[in-house]
Amino acid sequence: MLNANNLRKTFNAGTINEKVALAGATLNLEEGEFCTVIGGNGAGKSTFLNAVAGVWPVDGGSITIDGVDVTGLPEHKRAQYLGRVFQDPMTGTAANMQIDENMALAARRGKLRGLRWGVTKSEREKYHEMLKELDLGLEDRLTAKVGLLSGGQRQALTLLMATIQKPKVLLLDEHTAALDPKTASKVLEITDMLIKEHNLTAMMVTHNMRDAINYGNRLIMMNEGRVILNISGEEKKHLTIEDLLHKFEEVSGTEFTNDTEILSK
Amino acid sequence: MGIETLIAGMPGTAAQGIIYGIMALGIFITFKLLNFADLSVDGSFATGGAVAAMVIISGRSWMLALVLAFVAGALAGLITGVLHTVLGIPDILAGILTQLALYSINLRITRNQPNTPISVDKYNLAVSLRYKTDALVTVLVMAIIIIAIMYWYFGTEMGSAIRATGTNPAMTKAQGINVNLMKAFGLVISNAIVAFAGALSAQFNGNADVNMGRGAIVIGLASIIIGEVICNTLFKKKRNFILTLLFVVFGGILYYLFIAIVLWLKMPANDMKLFTAIIVAIFLAVPYLKSKSNSSFRKAAKRGGKENA
């Protein structure tokens, strides 16, 4: 479903601030694979997701989504294939617009926007049902401005918007990092539920090793702009945090400092 | 002069106020919906007047004058849009550049005449200060039509995309919307409406002046903010989009009423811009100061002091 081949990206090339963010990162995801992405700060996890989303063009390599080469497509054209949830709960929704309007915007992703109503009555009924499933009490606040919602509610809504029409790939960029632990686990549950329900192909960046192990059926670890560890199938199911730390040392050749700041258990 | 002259002039005052209100509706699109401080309107308001005057002088109907003014305004908006989205010039600067360029272009349109008279004696005009009540009805109907179209349009898929662009460009891109196209298009319709108002204003006052747009942005903002403050006070949470638009026009009327009263009080006309700036500053400051006084540290300290005592 997703083929990211040998992606390279350097920021501020030729200046004192030069930073090689992606140095030949490769990842192939089959349909229905839910891949968690871990790695230290600056390893290139978010950069990798942004490369797939087309926030900027890559310096090298190619990206194919469901057989379509999207390497040359700008962000808004690539959006038709992608669902995205961001780290900052403010990023994924339009605060000044109503809940139903936000969902309607997402429902028309990749479609031609004409002079039909922005939200129809039948859509509102559908959204009511969808929000009810989240069990956050949002179904009775369809016409409330999204800016009034809490961070967790906004992330849950963004998730719903990202999956309102089935995306080829769902990109989750540390989408629970800004939430309190209880809300974070609720949002993760919703994430897992939606991915399973729609059999989505997904990438989820996380700083939490336990979440990376517990969720999904694939796990990659990134370091210095490369994918250094790739675990799937049975191996993923029986993975422990100790295994992961051990593997990291093996692959990277450096001792894992077990820095809880970088990778919390 | 007694109060009678002020009252007798009221329909004219209201008509001019509504024309400013229509202009403010255009500015509302960029300022409130797109979150884009577009200063090109000072130029495009005069462009609308200049185009309308030349069309009318050439012997064609006021209808064509209004249509061509609308188109000319749209082009002016497109220039700002291209400067901003294609050439990457910051919003305020892009608007200022267009505004400056339009000064010369407006003079070219009027064949280097700084003031082009279009007398209602010689030409058939849409509105005129001579027939105050007729003019009032005409501009009122036009304002209502424009509000209705705007209400409909910003409820459509395209209109929603423009509103989303104004509140969160990152999210809008992620929903597959071309943010630059939406910004440019918003500027186009905004300036088209502003130029349309300029065309009305020129006919109403019987001349198109190259300086008629000076301060248009401030008058527009004044209308929007006055309308917003009053609408919030009257309707509070019940405020919706159509009320907001209606009160933008009402803000325009109120603004021009202030001006009429000040003129009636025999204040020098040259001080008008100063007066306008003061009105806008007051209406911008009042909501801020009010919210500040509701949550001030000094009051918090007082409350805390009482509780501890």
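Asks: Any chance you could explain the overall build of chain B here in plain terms?
Replies: Across its full length, chain B holds 13 helices and two strands. A globule of 309 residues ought to have a C-alpha radius of gyration of about 19 Å, and chain B, at 21 Å, matches this closely. Dimensions along the principal axes, computed over C-alpha positions, put chain B at roughly 80 × 60 × 30 Å. Residue pairs at least 24 apart in sequence account for 78% of intrachain contacts in chain B once pairs closer than 6 positions are excluded. Roughly 14700 Å² of accessible area belongs to chain B as shown, and the carbon and sulfur atoms make up 67% of that amount.

Asks: For this particular structure, what's the right way to read the pairing of strand β9 (residues 218–223) of chain A?
Replies: A regular strand carries its side chains on alternate faces of the sheet. Residue and element names in this part refer to chain A. The buried fraction of β9 amounts to five of the six residues, a majority that puts the element mostly inside the structure. Where strand β3 (residues 34–38) meets β9, four bridges bridge the pair, whose relative direction is parallel. When the bridges of β9 are listed, C35 appears paired with R218. In this structure, β9 lies alongside strand β10 (residues 226–232), joined through six bridges in antiparallel fashion. Note that in β10 the partner of R218 across the bridge is S232. The turn linking β9 back onto β10 is made up of two residues, and E224 within it adopts a positive phi angle of 50 degrees.

Asks: Even after reading the chapter, I still don't get the layout of surface pockets, so can you show me in this structure?
Replies: With a probe scaled to a water molecule rolled over the atoms, the places where space remains empty come into view. Volume-wise, the largest pocket comes out at about 1200 Å³. Around the largest pocket, the lining comprises 33 residues; the ones closest to its centre are N96(A), Q98(A), K145(A), R163(B) and F241(B). Looking at the lining of the largest pocket, the elements with two or more residues in it are α3 (99–107) of chain A together with α2 (10–33), α7 (157–167), α10 (216–235) and α11 (241–264) of chain B. Counting residues per element, the lining of the largest pocket draws most heavily on α7(B), which supplies four residues. Classifying every residue of the lining of the largest pocket gives 11 nonpolar, 12 polar and 10 charged. Estimated volume of the second largest pocket: approximately 630 Å³. Surrounding the second largest pocket, 26 residues form its lining, Y20(B), M212(B), R214(B), I219(B) and K273(B) being those nearest its centre. Those elements that provide at least two residues to the lining of the second largest pocket are α2, α9 (179–205), β2 (207–209), α10, α11 and α12 (272–294) of chain B.

Asks: Just to check I follow, could you spell out the interface of chain A and chain B for this structure?
Replies: It is common to give the size of an interface as the accessible area that goes away when the parts come together. Contacts between the two partners involve 29 residues from chain A and, on the opposite side, 20 residues from chain B. The contact between chain A and chain B buries some 2100 Å² in all, and 60% of this surface belongs to carbon and sulfur atoms. It is H76(A), R113(A) and L115(A) that lose the most area in chain A upon contact with chain B, and together they represent 28% of the buried surface on that side. Taken together, chain A and chain B are joined by three salt bridges. Between E157(B) and R108(A) there is a salt bridge, with the nearest N and O atoms lying 2.7 Å from each other. Residue assignment for the side of chain A that touches chain B shows that the elements contributing at least two residues are α2 (75–78) and α3 of chain A.

Calculation rules
Residues numbered from 1 in each chain as written. Chains lettered and ligands numbered in written order. Predicted model: local features only at pLDDT ≥ 70, side-chain atom pairs only at ≥ 80, totals over all residues. Heavy atoms only, no water. Helix = DSSP H or I, 4+ residues; strand = E, 2+ residues; numbered from the N terminus. Rg over C-alpha atoms; globule rule 2.2 N^0.38 Å. Contact = heavy atoms within 4.5 Å. Areas by Shrake-Rupley, 256 points an atom, 1.4 Å probe, with all protein chains shown as cover. Buried < 20%, exposed > 50% of the residue type's maximum accessible area, 1.4 Å probe, protein only. Pairing = 2+ DSSP bridges. 1 Å grid on protein atoms, 1.4 Å probe; cavity = no way out; pocket = protein on both sides within 12 Å on 5 of 7 lines; lining within 4 Å. Points joined across faces, edges and corners; volume = space filled by probe spheres on them. Nonpolar A, V, L, I, M, F, W, Y, C, P; charged D, E, K, R; others polar. Buried area = accessible area lost by both parts, 1.4 Å probe. Salt bridge = Lys/Arg side-chain N within 4 Å of Asp/Glu carboxyl O.

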